[in-house]
Every structure is written in structure tokens, then in C-alpha cells.
Amino acid sequence: MAEETGTKGRPAPRGASAQVLRALALAGGALLFAMMLLTFADVAGRTLGRPIPGAKEATEVMLAMLVFLLLPVVTWERGHIVIDLLDGLTPGWLHAPQSLLIDLAGAAACAVAARALARQAALAYDYGDTIAYLDWPRGAIVGAMAGLMALTALAFAANALRSLRAAVRGRA
């Protein structure tokens, strides 16, 4: 039986990871749609002299959450922007080890960022910090970002395992 593949011929996620990635992608799409509706309504309201109070701040938070929601999905799919100027000069046998190093570096960087965000979220909770106009708790927003960044680190780690298997098999 052939293995189901996702984008770029990579193995499609299965089980819980597939459900998590699907949920994140759906949440990202819904959030993008909500941002579109809010922006449309705010612009229409401004035309009529009745803008939506806090629309700018809400859009800023929604945009940040959109980025963090989709980062694990893009990472799993290896959909990041890649500059491949030197790939033609790199021998084929080096592609898998190169991917492994990149994935490990990405996992480490995202883990460090997740930890820093978690610290900032804890501080915001302790101080009772809120965003200015809407009075939303900053700690909850930054805490969600920390969790999603940790999930991105896990996606990089899973990619590193796939890269390791490819390196052992001798292919990219």
C-alpha cells in the first residue's frame, strides 16, 4: 500500500498530528476571514462616520495570532521561503544532512523563542497587563503565542527526524 503524501511529496501527517495541523489551518482561515470582515466593517463605518472602536487594535492582535497559528503548519509542510542559490553546487548526498541541521537549528531557535514568550506571558499575567483600548489580557495573548511557538519547535523536531531517516537512507 502506497504511503499517503502531503504537499511536496512529504509524508502526510497521521493521527493526532494531522488533527492538530488541520485544526490550526482551519482556525487560521477563520481568523483571516474574521479580520477581513472586521476591516470591511470598519472601513464602511469610517465612510459613514462611525468606525468600529478598537478595530485597529483587534486587527493587530488577530494578525499576530494568525502568524503564530499557521507557523506550525507551514513548518510541518516545509513551506518556508527558501533561498536556494547554492543548491545546484551542493552535492546530492549533502541535501539530507543539510536539512537535518536546518531542522535542528529551527527547533532550537523556536524552543528558545517559546521559552522567552512564556516568560513574557507570565510577567504580563503577574502585572495584570492588558492591551490599551480593548483591555484584553496581554498574558493570554502572549501565552498562546508561546504555546504555538513550542508547537512549531515540535514540528521542526519532527522534520529533523524525517531528515535523519532520509540521511540514513542516503537521499534528500
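Coordinates for the structure precede this section.
Residues numbered from 1 in each chain as written. Predicted model: local features only at pLDDT ≥ 70, side-chain atom pairs only at ≥ 80, totals over all residues. Heavy atoms only, no water.

A.B. asks: Could you clarify how one ought to interpret the overall build of the protein in this entry?
C.D. replies: Helix and strand content of the protein: four helices and zero strands. Listing the helices and strands of the protein from first to last along the sequence gives α-α-α-α. In terms of C-alpha radius of gyration, the protein reaches 20 Å, well past the compact-globule figure of 16 Å for 172 residues. Projecting the C-alpha coordinates of the protein onto the three principal axes gives extents of approximately 65 × 35 × 35 Å. Across the 172 residues in the protein, those meeting the buried criterion constitute 31%. Within the protein, counting contacts between residues at least 6 apart in sequence, those at least 24 apart form 72% of the total. When the accessible surface of the protein is totalled, it reaches about 11000 Å², and 69% of it is carbon and sulfur. Across the protein, the centroid of the 15 positively charged side chains sits 6 Å from that of the 12 negatively charged ones. (Helix = DSSP H or I, 4+ residues; strand = E, 2+ residues; numbered from the N terminus. Rg over C-alpha atoms; globule rule 2.2 N^0.38 Å. Buried < 20%, exposed > 50% of the residue type's maximum accessible area, 1.4 Å probe, protein only. Contact = heavy atoms within 4.5 Å. Areas by Shrake-Rupley, 256 points an atom, 1.4 Å probe, with all protein chains shown as cover. Lys, Arg positive; Asp, Glu negative; His and termini not counted. Charge placed at Lys NZ, Arg CZ, Asp CG, Glu CD.)

A.B. asks: Sorry, what's going on with unusual backbone geometry here?
C.D. replies: Backbone geometry at Arg-78 places phi at a positive 55°, although glycine is not the residue there. Position of Arg-78 relative to the elements: it lies in the loop between helix 2 (55-76) and helix 3 (95-127). Among the residues examined, Arg-78 registers a relative accessible area of 15% and is labelled buried. A positive phi angle, near 65°, is found at Asp-135, a position not held by glycine. Asp-135 sits in the exposed class, given a relative accessible area of 51%.

A.B. asks: Just checking my understanding: could you explain the environment of Ala-23 for this structure?
C.D. replies: With respect to the helices and strands, Ala-23 occurs in helix 1 (residues 15-47). In this structure, the C-alpha to C-alpha distance between Ala-23 and Val-73, residues 50 residues apart in sequence, is 9.8 Å.

A.B. asks: So what exactly am I meant to see when it comes to the packing of helix 2 against helix 4 (residues 138-169) here?
C.D. replies: Each pair of packed helices can be described by the angle between their axes along with the distance between the axes. Taken N-terminus to C-terminus, the directions of helix 2 and helix 4 make an angle of 15°; their axes are 7 Å apart at the nearest point. Compared by their axis directions, helix 2 and helix 4 come out roughly parallel. Crossing hand, helix 2 versus helix 4: left-handed. Side by side, helix 2 and helix 4 meet where Val-61, Ala-64, Met-65, Phe-68, Leu-69, Leu-71, Pro-72, Thr-75 and Trp-76 of the first sit next to Ile-141, Ala-144, Met-145, Leu-148, Met-149, Leu-151, Thr-152, Ala-155, Phe-156, Ala-158, Asn-159 and Arg-162 of the second. Here the residues of the contact of helix 2 with helix 4 sort into 17 nonpolar, three polar and one charged. (Axes fitted to C-alpha atoms, helices over the stretch in contact; angles between N-to-C directions. Parallel < 35°, antiparallel > 145°, perpendicular 65-115°, else oblique. Left-handed = near helix turned anticlockwise from the far one by under 90°. Nonpolar A, V, L, I, M, F, W, Y, C, P; charged D, E, K, R; others polar.)

A.B. asks: Looking at this structure, how should I read the packing of aromatic side chains?
C.D. replies: Within a pair of aromatic rings, the relevant descriptors are the distance that separates the centres and the angle that separates the planes. Under the definition given, this model contains zero aromatic pairs. Sitting above the plane of the Trp-76 ring, Arg-162 keeps its charged end 4.3 Å from the centroid. (Phe/Tyr/Trp six-rings, centres within 6.5 Å; stacked < 30°, edge-to-face > 60°. Lys NZ or Arg CZ within 6 Å of the ring centre and 35° of its normal.)

A.B. asks: Is there a simple way to think about the environment of Ala-108 in this case?
C.D. replies: Note that Ala-108 resides in helix 3. Here Ala-108 falls in the partly exposed class, since its relative accessible area comes to 42%. C-alpha separation for the pair Ala-108 and Asp-87, spaced 21 residues apart in sequence, amounts to 24 Å.

A.B. asks: In this structure, what is going on with the packing of helix 1 against helix 2? I would like to understand it.
C.D. replies: Interaxial distance between helix 1 and helix 2 falls to 9 Å at its minimum, and their mutual angle equals 155°. By the angle class used here, helix 1 and helix 2 are roughly antiparallel. As for the relative orientation of helix 1 and helix 2, their crossing is left-handed in sense. Here helix 1 contributes Leu-21, Leu-24, Ala-25, Ala-27, Gly-28, Leu-31, Leu-32, Ala-34, Met-35, Leu-38, Thr-39 and Asp-42 to the contact with helix 2, which in turn contributes Ala-55, Ala-58, Thr-59, Met-62, Leu-63, Met-65, Leu-66, Leu-69, Leu-70, Pro-72, Val-73 and Trp-76. Of the residues that constitute the contact of helix 1 with helix 2, the class distribution is 20 nonpolar, three polar and one charged.

A.B. asks: Help me understand helix 1, please; the structure alone is not making it clear to me.
C.D. replies: A turn of α-helix holds 3.6 residues, and therefore any two residues three or four places apart point the same way. Helix length check: helix 1 (33 residues) gives 48 Å between terminal C-alpha atoms against 48 Å at 1.5 Å per residue, within 8%. Taken together, the buried positions of helix 1 are occupied by Ala-18, Leu-21, Leu-24, Gly-28, Leu-31, Met-35, Leu-38, Asp-42 and Gly-45. Lining the buried residues of helix 1 we find helix 2 and helix 4. (Expected span 1.5 Å × (residues − 1).)

That's the geometry; what it means functionally is another story.
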